Amino acid sequence: MTERWSRDQVLALAPDAASQKAAGGVSAPRKWSAMGVSGTALWGECAGSGSKPYQACVDLSEPAYRCSCPSRKFPCKHALGLLLLWSADGVPPAAEPAPWVAEWFAQRTARAEKATEKAAEKAAKAPTAKDAEKDESRVRQREERVAAGLAELERWLSDQVASGLADARQTGLAEWSDLAKRLVDAQAPGLAGTFTGLTRVFRDENWPGRLLGEYAMVHLLAVAHRRAAELPGDLRETVRQRVGYQVAKETVLALPPIRDEWQVIARRDEERDRLLSRRVWLHGRATGRVALVLSFAPPGQPLDASLVLGTRIDADVSYYPGAAPLRALIADRYGPAVPARTPASGVEVEGVPQVIADVLTRDPWTESWPLVITGARVGRDGKEWCLLGGSGQGLRLRPSAGDPWRLIAVSGGRPVTVAVEWTPDGLRPLTTWDENDEVVVL
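Just so you know, these numbers come straight off a predicted model, no measurement behind them.

Engineer: I'd like to hear about the overall build of the protein chain, residue by residue, with values.
Structural biologist: For the protein chain, the count of helices and strands is 12 helices and 17 strands. The C-alpha atoms of the protein chain give 25 Å as radius of gyration, which agrees with the globular expectation for 442 residues (22 Å, within 12%). Buried positions account for 43% of the 442 residues belonging to the protein chain. Counting only contacts in the protein chain whose residues sit at least 6 apart along the sequence, the fraction spanning at least 24 positions is 62%. As displayed, the protein chain has an accessible area near 23100 Å², and 51% of this comes from carbon and sulfur atoms. Distance from the positive charge centre (57 side chains) to the negative charge centre (56 side chains) of the protein chain: 5 Å.

Rendered as structure tokens:
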């Protein structure tokens, strides 16, 4: 039987705060009947407003969900409520799943087998000479469009520096929006995204210096793309991906994977440009490497929920190519996820600057990097919150993350292990571990 998850782990699966609250309302035993758990199957029938109860079930191995309710959220409040009840040891074990649950599992197995067969057929189908010629033509055309777009960008940056930045507050937003559209037309969406978020520099008192620094990094990327043939292969891949060239999943999965016991240390969802994204950070128990698994979905569609916070999986992970590999895909799993009973190993506060310096040396355009920091205390440096090390050295917390009251409450003044996201604006606390080594979302 699958080991139970904590309440925090279950609530971390919710698509939003409203779903978390609604799940609490249906997690009482009196709401449920015909409950059971067998192996990785969890199921129950929840009383609703109609005469027939809603049938909810969960495949704990991924996890995956099914419910007969009309909700468009995944997981819905019934699946979450059932998981909360299970996490509190409120679901009795059963010898075998209910028939309707077994039928759903069989359908899932059949779909997975069909998808595997289709993938194998696609891989076995050799491209024709005509297909190859079309592909080469498309690649050449895009290279030319991107080169022309970045040449125009370099000229624009030179004009900005020559004329000064004093008017950027008044004219910047319109100019950046227009420039981003032209870069999208030039098929350089990565650089276009840089300009859509550039208004953040105005939050800084020294915004002219900050803006000049942003322009310098964009210029460095444009020049690096123009001189890509002179770069080492891994740095060339980084430059191309930063510009906006995508790497196919098939290409990533064909690269040599790294097998480890990967602990899910943090997760964060956000919505941008009407697209939902989920960032899941992993930490390798043996290698000490970190990995970022990204998934996307339009509003109303479920995000990938197969990586549960506070668990670990024995798996092969394939990294996207680059000078400082971080983004990755799960290639193969060797068994179901199991609870991670100890915090991930990490680095002390004093060692963080060297870690980030090494990353930036390899990829100077890095704007986010996961870290596990051990032996950290919460404190203040003037008006700013910090994570303090044993020597008193502090690392600033990102102001936009708010006051770290939950971290303070969990730590109780003692040193704790914290998973954070490094950004140029400071650290964003993601998770910590309490005195019982249970993961806590911050």
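Picking up where we left off.
Engineer: Just give me the short version of the packing of aromatic side chains, but keep the residues and values in it.
Structural biologist: Applying the stated criterion to the full structure yields 7 aromatic pairs. Consider the rings of Trp-104 and Phe-105, whose centres lie 5.3 Å apart with planes at 85°: the pair is edge-to-face. You'll find Trp-104 and Phe-105 in the same group, each marked buried. Where Trp-385 meets Trp-405, the ring centres are 5.5 Å apart and the plane angle is 80°; that geometry is what we call edge-to-face. Of this pair, Trp-385 sits in strand β13 (residues 384-388) while Trp-405 is found in helix α12 (residues 405-411), placing the two residues 20 residues apart along the sequence. Residue classification places Trp-385 among the buried positions, given a relative accessible area of 13%. Ring pairing ties together the aromatic residues Trp-156, Phe-195 and Tyr-215, which thus form one cluster. Above the face of the Trp-104 ring, Arg-108 is positioned so that its terminal group lies 5.3 Å from the ring centre.

Engineer: Provide a residue-level description of the nonpolar core, including the pertinent values.
Structural biologist: Counting residues in hydrophobic clusters, the biggest one holds 48 residues, and the most contacted among them are Trp-262, Leu-282, Trp-369 and Ile-373. Filtering out sequence-adjacent residues up to four positions away, Leu-282 remains in contact with Trp-262, Gln-263, Val-264, Ile-265, Arg-289, Val-290, Ala-291, Val-293, Leu-307, Val-317 and Ile-330.

Engineer: Describe the pattern of salt bridges, with residues and values.
Structural biologist: In this structure the tally under the stated criterion is 27 salt bridges. The residue Glu-261 makes a salt bridge to Arg-312 at a minimum N-O spacing of 3.0 Å. Within this pair, whereas Glu-261 is found in strand β5 (residues 258-272), its partner Arg-312 is found in strand β8 (residues 311-319), the two being separated by 51 residues in sequence. A relative accessible area of 27% places Glu-261 in the partly exposed class. Using a relative accessible area of 25% as the deciding quantity, one classes Arg-312 as partly exposed. For the salt bridge of Glu-421 with Arg-428, the shortest nitrogen-to-oxygen distance reads 3.0 Å. Glu-421 sits in the buried class, given a relative accessible area of 3%.

Engineer: Give a description of the pairing of strand β3 (residues 54-59) that names residues and reports values.
Structural biologist: Sheet analysis places strand β2 (residues 41-46) next to β3, joined by 6 bridges and oriented antiparallel. Looking at β3, one finds that Glu-45 is bridged to Gln-55. By the bridge criterion, 4 bridges tie β3 to strand β4 (residues 64-67) in an arrangement that is antiparallel. Across the sheet, Val-58 pairs through a bridge with Tyr-65, a residue of β4.

Engineer: If you had to explain the sheet that holds β2 to someone new, which residues and values would you point to?
Structural biologist: Read from one edge to the other, the open sheet built from 4 strands follows the order β1-β2-β3-β4, with strand pairing classed as antiparallel. One side of each edge strand has no neighbouring strand; the edge strands of this open sheet are β1 (32-38) and β4. Across the sheet, the mean angle from the axis of one strand to that of its neighbour is 10°, orientation sign disregarded. Its contacts with the sheet put helix α3 (residues 77-87) on β1, β2, β3 and β4, and the angle it makes with β1 is roughly 65°.

Reading guide: rules and limits
Residues numbered from 1 in each chain as written. Predicted model: local features only at pLDDT ≥ 70, side-chain atom pairs only at ≥ 80, totals over all residues. Heavy atoms only, no water. Helix = DSSP H or I, 4+ residues; strand = E, 2+ residues; numbered from the N terminus. Rg over C-alpha atoms; globule rule 2.2 N^0.38 Å. Buried < 20%, exposed > 50% of the residue type's maximum accessible area, 1.4 Å probe, protein only. Contact = heavy atoms within 4.5 Å. Areas by Shrake-Rupley, 256 points an atom, 1.4 Å probe, with all protein chains shown as cover. Lys, Arg positive; Asp, Glu negative; His and termini not counted. Charge placed at Lys NZ, Arg CZ, Asp CG, Glu CD. Phe/Tyr/Trp six-rings, centres within 6.5 Å; stacked < 30°, edge-to-face > 60°. Lys NZ or Arg CZ within 6 Å of the ring centre and 35° of its normal. Core = buried A, V, L, I, M, F, W, Y, C linked by side-chain atoms within 4.5 Å. Salt bridge = Lys/Arg side-chain N within 4 Å of Asp/Glu carboxyl O. Pairing = 2+ DSSP bridges. Axes fitted to C-alpha atoms, helices over the stretch in contact; angles between N-to-C directions.

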